[in-house]
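Now for the letters of each chain:
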Amino acid sequence: YEDYYSIKENVCLNYGLDDNYVSQGTAITNDGQIVITSGYMSDGTNSRIYLIDPEAKVHRFVKLEKSEGVPSKAHVGGVAISNETIYIANNETVYTVNLNDANTKDTVVMNKFITVNNAASFIFTDDTYLYVGEFHDGGKYVTDNLVTYNGVTYHAIVSKYEIANPNEPKAVYAIRNKVQGFAMDENGNILLSTSYGLTSSKFYYYKNSSVIDTGETFNGTTAPLYFLGQEDLVVTGPAMSEDLDYRDGKFYTNFESASNKYIFGKFFPII
């Protein structure tokens, strides 16, 4: 993983991995003062959000509820933050949690924000739009979306929703299999994080010139359909990379390999 290690920087510890927490989502506030991870618990207790201060090296977690007093044990996926709102992707739905509540309470209720047109496995925001996408591996996890362009077929999508008016997608991007995270920089360049099981993770980087406008709309909607063409860079890294975020020229991710569920990452400092 020479290429991966040559560009990797450690930001903060990924807390909770010795407490049956399986981290999935990654987000960072615009000022860089809080790193947020989201995930589920392998012991069947409440899913969680961790809030980490990378400078002070302190953290806290908040338990998630479906409604007051009713635990959420869902396989919580990606997380994103814009202003004071935390967005959580899970099961065709985006939920919200107030950042101040997460900072001050022990449990918070996930409020439904929107239902989306895909499985909502991961999420990214540029503060104007939410990009919500899904994981497809063709085996255990199969999605319903199918896009073919120039003889190439993709089975999963990322949908772009305007935060201020999220009633319908503003665009749809067809993506490859096994995507765990999506992020876009200010120039429209895209990074995908892909992984599944013990195989190496791969990070696919597409310049905006490689994002193809098909000239079509998606599935009878008014949303323009985009296809990711030839990637401009592929970096291979350790197994089990997850969600992505972007801030100030850098992409952020986390790995679930050192959780109690998988363990091997505890013994090999490979991340």
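A brief report on the enclosed structure follows.

The rules we used
- Residues numbered from 1 in each chain as written.
- Predicted model: local features only at pLDDT ≥ 70, side-chain atom pairs only at ≥ 80, totals over all residues.
- Heavy atoms only, no water.
- 1 Å grid on protein atoms, 1.4 Å probe; cavity = no way out; pocket = protein on both sides within 12 Å on 5 of 7 lines; lining within 4 Å.
- Points joined across faces, edges and corners; volume = space filled by probe spheres on them.
- Nonpolar A, V, L, I, M, F, W, Y, C, P; charged D, E, K, R; others polar.
- Helix = DSSP H or I, 4+ residues; strand = E, 2+ residues; numbered from the N terminus.
- Contact = heavy atoms within 4.5 Å.
- Polar contact = N/O pair within 3.5 Å; in protein donor to acceptor, adjacent residues only side chain to side chain.

**Digging into empty space enclosed by the protein**
- Across all of its chains, the model carries one cavity of 30 Å³ or more by this definition.
- Partitioning the lining of the largest cavity into residue classes produces seven nonpolar, two polar and one charged.

**Points about the layout of surface pockets**
- Within this model, the largest pocket holds a volume of roughly 1400 Å³.
- Around the largest pocket, the lining is made up of 40 residues, and of these Tyr4, Lys8, Glu9, Thr253 and Phe255 lie nearest the centre.
- If you list the elements that add at least two residues to the lining of the largest pocket, you get helix 1 (2–7), strand 2 (35–41), strand 19 (201–206), strand 22 (233–237), strand 23 (241–247), strand 24 (250–255) and helix 3 (264–267).
- If you tally residues by element for the lining of the largest pocket, the top one is strand 24, at six residues.
- Computed from the structure, the second largest pocket encloses a volume of approximately 630 Å³.

**What to know about the environment of Thr143**
- When you line up the elements, Thr143 lands in the loop between strand 12 (129–133) and strand 13 (147–149).
- In the structure, Thr143 is positioned 79 residues away from Thr222 in sequence and 21 Å away in space, judged by C-alpha atoms.
- Other than its neighbours up to four places away in sequence, Thr143 contacts Glu134, Phe135, His136, His155 and Ala156.
- Among the polar contacts listed, one links the side chain of Thr143 to the backbone oxygen of His155, at a separation of 2.4 Å.

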